[in-house]
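Descriptive structure summary
Given next are the chains, with one letter for each unit.
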Amino acid sequence: MVIAACIVFYFALLRMTNISEVFGKIYQVLKPIIYGLVIAYLLNPIVKLVDTHFEPWIKRKFPRIKNAGGISRGAGILLAIVVMFALIVALCNMMIPELYRSIRDMILTVPSQLNRFIGKMTEVMSTDQSTIGQMAEAVLKEASDALQTWMRTDLLNQVNVLMSNLTVGVINIVKELCYVLIGVIVSVYVLFSKEKFASQCKKLVYAIMRPSRANMVLHLTIKSNEIFGGFIIGKIIDSAIIGVLCFVGLSILDMPYTMLVSVIVGVTNVIPFFGPYIGAIPSAVLILLSDPKMGIYFIVFVFLLQQLDGNIIGPKILGDSTGLSAFWVVFSILFGGGMFGFVGMILGVPTFAVIYYIVKMLVNHQLENHTLPTDTGAYDQFVSL
C-alpha cells in the first residue's frame, strides 16, 4: 500500500498541470453550487433567528396549523433574501455615485497635485546646494521624467488594452452575476432542507467509520463551524461598522475622497492584523497629495479608529473566536496570503485555528494516555517531570 501510494503520488506530481486543469474545470462547473452554499451559510443566522422566535409564536397563536415549521422556515428564508438584496441595493445607491465622483475627481486632480508636489520638492531641493541636495534634485527630476514618460506611453497602451478587453470583462461580469443568481436559488433549497442534508452527512460518516471516530469527525465539524462562523460573520459586521465610522469621521473633518477612502478602509479591515495598514497607506497618499495637512489629520484619525476597533469593537464582536496568539495570527495571514492571495489572507486565520485546535486535541489526548499533565505551564524548562 505504501509503495502504491508513493507511485501514485509521483505520477500525480508529474501530471500536476493536467490535474489542476481538471480541478479548475470542475470548479467552473460547480461555481453556482459553491456560491449557493456560501450564500446559504451567510444567511443561515437570520433563518435560525426567525425559526427560534416565529415558529413557537405560530404554534401558540394557531395551534391547528400543522406545518408551523415550514411556514416559519419559508418566512425566515424570504426575510433573509430580502435583507440581503436590500443591503446590496442600499449600498450600491449610496456608494456608486460617491465612488464615481471620488474616482473622477482623483483622475482629474491627482496629476496636477503630483506636479505641484514635485515642483515644491524641486524648489526646496534647489535651495540646498550640498551634494545630497543636488543628488536628491537629480533623482526627483529623473523620477518625474520617468513618470511622465510612463503616463504618455505605457499608461496609454494599458488603457487601449483595457478598452479592447472591455467586452470580455462585461461578458465575464454578466456570467458571474448569472452564477450568483443561480446560487441564490440553490441557497433557498439548501436552507429549506439543511436538517435533511445534515442528517444524510451524519449517516454517511457513521456508515464509513466506527462510532468513536465518527463522533470525533462530527465534533470537529461542529467546532470548525463555530470558528469559521464566528470569525467570518463577526469580521464582516466589524468591518461594516469601521467603514461607517470612517465615513462619518471623514465627513465631519471634511476630507477629500470620503466615500472612496471609507470603502477602502472598510474592505481591507476584513483582513486581520495587516488590513488596517493595507487600507490606510494608499488612502493617506491620496489625501496627502490633495492636502498635506488633511493627510496628517487622516493618519491620526485612522490610528485612533484602529485603536477603537482593536481594543473595544473587535473584542466585543469577535471575542476569542479563534483562540490563536498574535504570532500564529501573523503566521497564518502570511502563509495564507502567499499561497492563495486575498482570499487566503481572510480565511487563513480560521483555517489555521481549526488545524491548531485539532493538533492541540491530539496532543492532549496522547498526554492523557501517558498520564502526563496537559497544561503547557507544567512543561517549563525549570520543572522536571
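Rules used throughout
- Residues numbered from 1 in each chain as written.
- Predicted model: local features only at pLDDT ≥ 70, side-chain atom pairs only at ≥ 80, totals over all residues.
- Heavy atoms only, no water.
- Helix = DSSP H or I, 4+ residues; strand = E, 2+ residues; numbered from the N terminus.
- Buried < 20%, exposed > 50% of the residue type's maximum accessible area, 1.4 Å probe, protein only.
- Phe/Tyr/Trp six-rings, centres within 6.5 Å; stacked < 30°, edge-to-face > 60°.
- Bend = angle between axes of the 7 residues up to and from the residue.
- Axes fitted to C-alpha atoms, helices over the stretch in contact; angles between N-to-C directions.
- Left-handed = near helix turned anticlockwise from the far one by under 90°.
- Contact = heavy atoms within 4.5 Å.
- Nonpolar A, V, L, I, M, F, W, Y, C, P; charged D, E, K, R; others polar.
- Core = buried A, V, L, I, M, F, W, Y, C linked by side-chain atoms within 4.5 Å.
- Salt bridge = Lys/Arg side-chain N within 4 Å of Asp/Glu carboxyl O.
- pLDDT = per-residue confidence, 0-100.

Some details on the overall build of the protein chain
When helices and strands are counted, the protein chain shows 12 helices and zero strands. Starting at the N terminus and walking to the C terminus, you meet the elements of the protein chain as α-α-α-α-α-α-α-α-α-α-α-α. When each of the 385 residues of the protein chain is scored for burial, the buried share is 28%.

Some points on the packing of aromatic side chains
A full pass over the atoms with the stated rule returns eight aromatic pairs. Relative to Trp-328, the ring of Phe-327 has its centre 4.9 Å away and its plane inclined at 70°; by these criteria the two rings are edge-to-face. Among the aromatic side chains, those forming a connected cluster through ring pairs are Phe-327, Trp-328, Phe-331, Phe-335 and Phe-352.

Focus on helix α2 (residues 16-61)
When the local axis directions of α2 are compared, the greatest deviation, roughly 60°, occurs at Leu-30, which is followed within four positions by the proline Pro-32. Within α2, the full set of buried residues consists of Lys-31, Pro-32, Gly-36, Ile-39, Ala-40, Leu-43, Asn-44, Val-47, Val-50, Asp-51 and Ile-58.

Describing the packing of helix α8 (residues 211-253) against helix α12 (residues 326-369)
The contact between α8 and α12 brings their axes to 10 Å, and the two run at 145°. The element α8 and its partner α12 pack so that their crossing is right-handed. Contacts from Met-216, His-219, Leu-220, Lys-223, Ser-224, Ile-227, Phe-228, Phe-231 and Ile-232 of α8 reach α12 at Ile-346, Leu-347, Val-349, Pro-350, Thr-351, Ala-353, Val-354, Tyr-357, Ile-358 and Met-361. Its residues assigned to classes, the contact of α8 with α12 shows 15 nonpolar, three polar and one charged.

Re the side chain of Ser-332
As for its position among the elements, Ser-332 is in helix α12. We classify Ser-332 as buried; its relative accessible area is 3%. Excluding anything up to four places from it in sequence, Ser-332 contacts Gly-348, Val-349 and Phe-352.

Overview of the nonpolar core
Counting residues in hydrophobic clusters, the biggest one holds 18 residues, and the most contacted among them are Cys-246, Leu-250, Met-255, Val-261, Ile-287, Phe-298 and Phe-301. Listed by contribution, the elements that provide at least two residues to this core are α8, α9 (258-268), α10 (275-290) and α11 (292-318). It is α11 that contributes the most residues to this core, six residues altogether. Not counting the four nearest positions on each side in its chain, Val-261 is found in contact with Leu-250, Pro-256, Ser-283, Ile-287 and Phe-298. In this structure, Ile-227, Val-270, Leu-324 and Ala-353 belong to the second largest nonpolar core, which totals 14 residues.

Details of the pattern of salt bridges
Tallying each qualifying case throughout the model produces five salt bridges. Asp-51 is the partner of Arg-73 in a salt bridge, and the nearest nitrogen-oxygen pair spans 2.8 Å. A residue pair is termed long-range when its members are at least 10 positions apart, and Arg-73 in helix α3 (residues 68-127) and Asp-51 in helix α2 qualify at 22 residues. You'll find Arg-73 and Asp-51 in the same group, each marked buried.

Thoughts on the confidence of the model for the protein chain
Averaged over the protein chain, the pLDDT score is 79; the fraction of residues at 70 or greater is 78%. In the model of the protein chain, helix α5 (residues 154-164) stands out as the element of lowest mean pLDDT, 56, in contrast to helix α7 (residues 194-208), which has the highest, 91.

Describing the environment of Ser-251
Within the secondary structure, Ser-251 is located in helix α8. C-alpha of Ser-251 to C-alpha of Ser-262: the two residues are 11 residues apart in sequence and 10.0 Å apart in space.

Points about the packing of α7 against α8
Relative to each other, α7 and α8 sit at 145°, their axes nearing to 8 Å. The two elements α7 and α8 meet at a crossing, and its hand is right-handed. Two secondary-structure elements touch here, α7 through Lys-202, Val-205 and Tyr-206 and α8 through Pro-211, Ala-214, Asn-215, Val-217 and Leu-218. A per-class count over the contact of α7 with α8 returns six nonpolar, one polar and one charged.

Considering unusual backbone geometry
Positive phi is not limited to glycine here, since Asp-254 has a value of about 55°. Tracing the chain through its elements places Asp-254 in the loop between α8 and α9. For Asp-254, a relative accessible area of 62% puts it in the exposed group.

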